[in-house]
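Here's the letter readout for the chains.
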Number of protein chains: 2
Amino acid sequence: MPWQETRSKSANLVFLQSESSQAMIIEANIVDIRNRRIDFGKVGMQGGRIVSVQRTGQERDTASYILPGLIDAHVHIESSMLVPSEFARMAVPHGTVATVSDPHEIANVLGVAGVEYMLDNAALTPFKFFFGAPSCVPATHFETAGATIDSLAILGLLERDDIWYLAEMMNYPGVLTDDPEVLAKIRHAHQLGKPVDGHAPGVVGDAAVRYIRAGISTDHECVSYEEAAFKLEQGMKIIIREGSAARNFDALHPLISQFPSMVMLCSDDKHPDDLAIGHINALVRRALQEGCGLFDVLQAACINPVEHYEIPVGTLQPGDPADFIEVKDMESLEIIQTVIDGKVVFDREGVRLPAIPVQVENKFAASPRSASDFALEVPSGQLRVIGAIDGALVTEERVLDATTVTEEDADILKIAVINRYEDVPAAVAYIQGFGLQTGAIASSVAHDSHNIVAVGRHDADLAAVVNAVIEARGGIAAIGGGEEHVLPLPVAGLMSDQDGRQVAAAYTAIDRFVKETLGSTLAAPFMTLSFMALLVIPRLKLSDKGLFDGMNFHFVPVAVTEQLS
Amino acid sequence: MPWQETRSKSANLVFLQSESSQAMIIEANIVDIRNRRIDFGKVGMQGGRIVSVQRTGQERDTASYILPGLIDAHVHIESSMLVPSEFARMAVPHGTVATVSDPHEIANVLGVAGVEYMLDNAALTPFKFFFGAPSCVPATHFETAGATIDSLAILGLLERDDIWYLAEMMNYPGVLTDDPEVLAKIRHAHQLGKPVDGHAPGVVGDAAVRYIRAGISTDHECVSYEEAAFKLEQGMKIIIREGSAARNFDALHPLISQFPSMVMLCSDDKHPDDLAIGHINALVRRALQEGCGLFDVLQAACINPVEHYEIPVGTLQPGDPADFIEVKDMESLEIIQTVIDGKVVFDREGVRLPAIPVQVENKFAASPRSASDFALEVPSGQLRVIGAIDGALVTEERVLDATTVTEEDADILKIAVINRYEDVPAAVAYIQGFGLQTGAIASSVAHDSHNIVAVGRHDADLAAVVNAVIEARGGIAAIGGGEEHVLPLPVAGLMSDQDGRQVAAAYTAIDRFVKETLGSTLAAPFMTLSFMALLVIPRLKLSDKGLFDGMNFHFVPVAVTEQLS
């Protein structure tokens, strides 16, 4: 093969272009994770695949480094408020080439059609999305979701070549009590040879052993070193999570070198403003700063997801897809270019993936509300108030006197959840901790059923902000001080149809408005808001059907009545 | 799952038998190669698969060790003179659970039917044989083989699910000169996503780079560290060979830790007497004694072949087939039991695989010969004599005076190759180095075409020993001192239909007879004999068609005539 040397636009890289433009050789320091060595050499590509890896000498200070691309081993794309094709454009500058993704959020709105929406959109971009079949739709029967995916529908999804695994089995009580539907879903995955992702926060001891023995092979919910080490010791793989919502990296990073083939990295949820700043690359950098071994970290970020999910992402071996990144050095990890299937998708001239017109699909049946819809007849005596905690998914159940709750200057607001799939009355309760001095905020991103959730003091404000979301057919909104801010999310009420950077800027702007103008004291008010209807995480939450005790798994009234014990 | 503890017959092992007899837990030190750690713990199995790996504490001196089974990454089963089902019975006591095997020898006799014979026999045993499509049948056009496997037949084989790779591409000149048939065979493998094994002894530099760029990903022919390191640097995987014929372990073992994911271990050819003594287990033990890292060695022996050939052999991960071995300790590697797909195939009570009646298939058309068939009219002047070298596949071309050659006390014997596929005259020449004082030896194992090769002083002895092989329809034979020893190999003239240990004993006996009674000075006279017709390895060899110069690739006469230069 006659190679011709041409200097590429990318800094340190020598391209040797063959007469056939399909073939290319890259000369750089080659980070060989599998053999745990770095040599200077040449990587030959043809037809989107690596055809040769030649080591020609020792690592050179003056040269850049090429290594396999980074993989987010568990992320709900919907949390970025972007459709996959726009998520891809935001992720490739960070060296991400692939994600293992659970379309759980859109599935709760649109069912199997939502999963198909994600697959269809993802197919339009060279970025490698690997979707799973969402195992828990709806998440509970105490809320109104847009769809149900039963074990038969799961089988239909798992039989598809583009569905790679059964996504996080959140219903761990169902696993431990041998729920037939739950076991059928797991059995379908096993019979098709596809892995089953776990979700078992805080489950340890015998329960964890039984959960793992059911054939559930990963967990990304560990918050403590001890919990994760226990699960690893039981043979479960651990996906260390550091996203916009949950951050477990500081507690768990020592495991990267202790179980180098059983640890992966993920974000789980990545909001648009965070995704603009960094992704798995930031975790790799932090792990190196913490003293984790280079090859252990890269194995977690680049190799283990490929092995575990058996996904066709290249690891710089001959025959592999040509998926890799070029970085300036191994400390800064400054991305010079990102390559997927031999195609440059990011380099110093920017993102090379074009914006693709976004198809809008939705399910949104809610009609505009008036202030009276949010009225709450306050009984005397003691009331249950949701205690929101900054940065946490859990809440507290606070029992306060009715007179305190209704004081104008108390930090006690109303929270409402409005079923968006049928026109029924709103559920209304009290909440403490948002710190809004004025106005109201609302969102149709409300895990897991994604009804509309709103927080504010005055019923008129609540009606106005909810109507803003309804008018946009989904989105996040804030009103107050004579201003109204809306970020429309017309795709299933979860994702924007706009450019990713614009969405990130709009999200940043509305977030700032809620904090600076409305006075919220929360670090990320819309994120906290989105978890106030998430029933599976205790303690007191609000479903579209009413106030819910997540510890005892039943509805409770706002007024505390005498209880029989 | 309710587990019941029962003490197993095997020493240190605790079996916890569940009520369902399919399920079992083994408690031992778990050698986790992928995570490079050893912990005490429990491995749960069900339905032939690993369902759980629980670490319960630190490594215990008092307990045995379990680790993935050993894999011979390249072996011609035929060299053991045993059919696969008997090879398996000889290999499992050494902890071998799988082989990657090229049925090249039987294919040269029986063609595709020979490959099918191996597949059919292998299917009768739980031992894991992974066969390739033999790429070079016949090996050259200067000899008569029993069959031809062209690129179309290769495609037919490669399309089978039970054919895992294109076996060693010995025709490296064909690769380097773009021979269309050779390239077609390689292309078929690539298009079907199956790897191509190499065979490029001594090929380095640009030629090696071009050979590797053709998409050939392994080599097991390296004899020097430099050659192997060069090929590894070019991205080729190296299979370190230590068998009955070629022994490269001493030169190459440092590479095990230098390229831990690119090195495998193999025997290539393993004679029955050697196979009775040890297999890959002996190589692992030696590597540890040489100071190679434990996990590097085990990765080469247990993991890398699984990854490279994508073969379903378990590596002690949940979900894997339950293929593993239990050893007393990690120094002696004394095998306590070998388990394949959850079935104990060897333990302290012996091999648990029953002997299976062997189907005989053959192609053998040679008729008995008389002494006059081996007469050679000796011209005066100088003669070419094959110089056999103990322990080597190469020979020398020695030019000696005719009077010396015919002296009764010179160590110069006759060598004959008799076409076994059609009745035509024998090819006869002179050979030095076998050291026989009396009698003659013959074999139908004669690489690569497996005609009959015989060495002896007197024509009558040659006729007698060749007729002994013909009468047995293949085998190895020796006569002299009034004795006749024959080890019949009726399966393709290559393999016995008898019990493996009996074959090993018979081989040892006939080998001793040739050395002790006939006086051969060679370490393994039948092995050296089997390579005297192997034309592709220089320098002077004998084909059924005549004396062959393997350096210049043409026939030469016995008498040295004046050459034009």
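It should be noted that the structure appears before, not after, this text.
How each quantity is defined
- Residues numbered from 1 in each chain as written.
- Chains lettered and ligands numbered in written order.
- Predicted model: local features only at pLDDT ≥ 70, side-chain atom pairs only at ≥ 80, totals over all residues.
- Heavy atoms only, no water.
- Phe/Tyr/Trp six-rings, centres within 6.5 Å; stacked < 30°, edge-to-face > 60°.
- Helix = DSSP H or I, 4+ residues; strand = E, 2+ residues; numbered from the N terminus.
- Buried < 20%, exposed > 50% of the residue type's maximum accessible area, 1.4 Å probe, protein only.
- Pairing = 2+ DSSP bridges.
- Contact = heavy atoms within 4.5 Å.
- Buried area = accessible area lost by both parts, 1.4 Å probe.
- Salt bridge = Lys/Arg side-chain N within 4 Å of Asp/Glu carboxyl O.
- Polar contact = N/O pair within 3.5 Å; in protein donor to acceptor, adjacent residues only side chain to side chain.
- Nonpolar A, V, L, I, M, F, W, Y, C, P; charged D, E, K, R; others polar.
- Axes fitted to C-alpha atoms, helices over the stretch in contact; angles between N-to-C directions.
- Least-squares fit on C-alpha atoms with pLDDT ≥ 70 in both.

Trainee: Would you mind showing me how to read the packing of aromatic side chains here?
Mentor: The way to describe two aromatic rings as a pair is by their centre distance and the angle between their planes. Residue and element names in this part refer to chain A. Throughout the structure, instances matching the rule amount to 22 aromatic pairs over all chains. Relative to F127, the ring of F87 lies with its centre 6.3 Å away and its plane at 75 degrees, an arrangement referred to as edge-to-face. In this pair, F87 sits in helix α1 (residues 84-91) while F127 sits in the loop between α3 (112-122) and β9 (128-133), placing the two residues 40 residues apart along the sequence. Residue F87 shares its accessibility class with F127, and that shared class is buried.

Trainee: How should the sheet that holds strand β28 (residues 546-549) of chain A be read in this particular structure?
Mentor: By way of backbone hydrogen bonds, the strands of a sheet pair with one another, either parallel or antiparallel. With antiparallel pairing, three strands are arranged side by side in an open sheet as β27-β28-β29 (chain A). Of all the strands in the sheet, just β27 (540-543) and β29 (554-555) of chain A have a single pairing partner and so form its edges.

Trainee: Honestly, the interface of chain B and chain A in this entry has me stumped. Any pointers?
Mentor: Facing the 23 residues of chain B at the interface are 23 residues of chain A. Where chain B abuts chain A, roughly 2300 Å² becomes buried across the two surfaces, and 40% of that area is made up of carbon and sulfur atoms. Contact with chain A buries surface across chain B, with N35, R55 and R213 of chain B losing the most and accounting together for 29% of the total. The interface formed by chain B and chain A contains two salt bridges. One salt bridge in this structure joins E307 of chain B and R34 of chain A, with 3.5 Å as the shortest N-O distance. The tally of links from chain B across to chain A stands at 20 residue pairs in polar contact (both at pLDDT 80 or more). At the level of elements, β3 (24-32), β5 (49-58), α7 (205-213) and α8 (225-233) of chain B are the ones that each hand at least two residues to the side of chain B that touches chain A. Counted by class, the side of chain B that touches chain A contains nine nonpolar, seven polar and seven charged residues.

Trainee: Could you clarify how one ought to interpret the sheet that holds strand β22 (residues 427-432) of chain B in this entry?
Mentor: Residue and element names in this part refer to chain B. Spatially, β20-β19-β22-β21-β24-β23-β25-β26 is the arrangement adopted by the eight strands of the open sheet, whose pairing is mixed. Since the sheet does not close on itself, it has two edges, and those belong to β20 (395-401) and β26 (483-488), each with one partner. Taking each pair of neighbouring strands and ignoring which way they run, the sheet shows an average axis angle of 25 degrees. As paired strands, strand β21 (residues 412-418) and β22 are joined by six bridges and run antiparallel to one another. Its bridge partner lying in β22, A416 is registered against V428.

Trainee: Can you help me understand the relation of the copies chain B and chain A in this one?
Mentor: Copy one and copy two of the chain differ by a rotation about a common axis and a shift along it. Between chain B and chain A, which share one sequence, the superposing operator has a rotation angle of 180 degrees and an axial displacement of 0.0 Å; the RMSD is 0.1 Å. The relationship between the two copies is best expressed as a two-fold rotation axis. Closest to the rotation axis within chain B is the C-alpha of E307 of chain B, separated from it by 4.9 Å.

Trainee: For this particular structure, what's the right way to read the pairing of β27 of chain A?
Mentor: Walk down a regular strand and you will see the side chains alternate between the two sheet faces. Residues and elements named next belong to chain A. Residues L540 and L542 line one face of β27 and the alternating positions K541 and S543 line the opposite face, and both faces are buried. Taken together, the four bridges between β27 and β28 define a ladder with antiparallel strand orientation. The partner of L540 across the bridge, within β28, is D549. The antiparallel pairing of β27 with β28 creates a hairpin that spans two residues between the two strands.

Nothing here speaks to function; it is geometry throughout.
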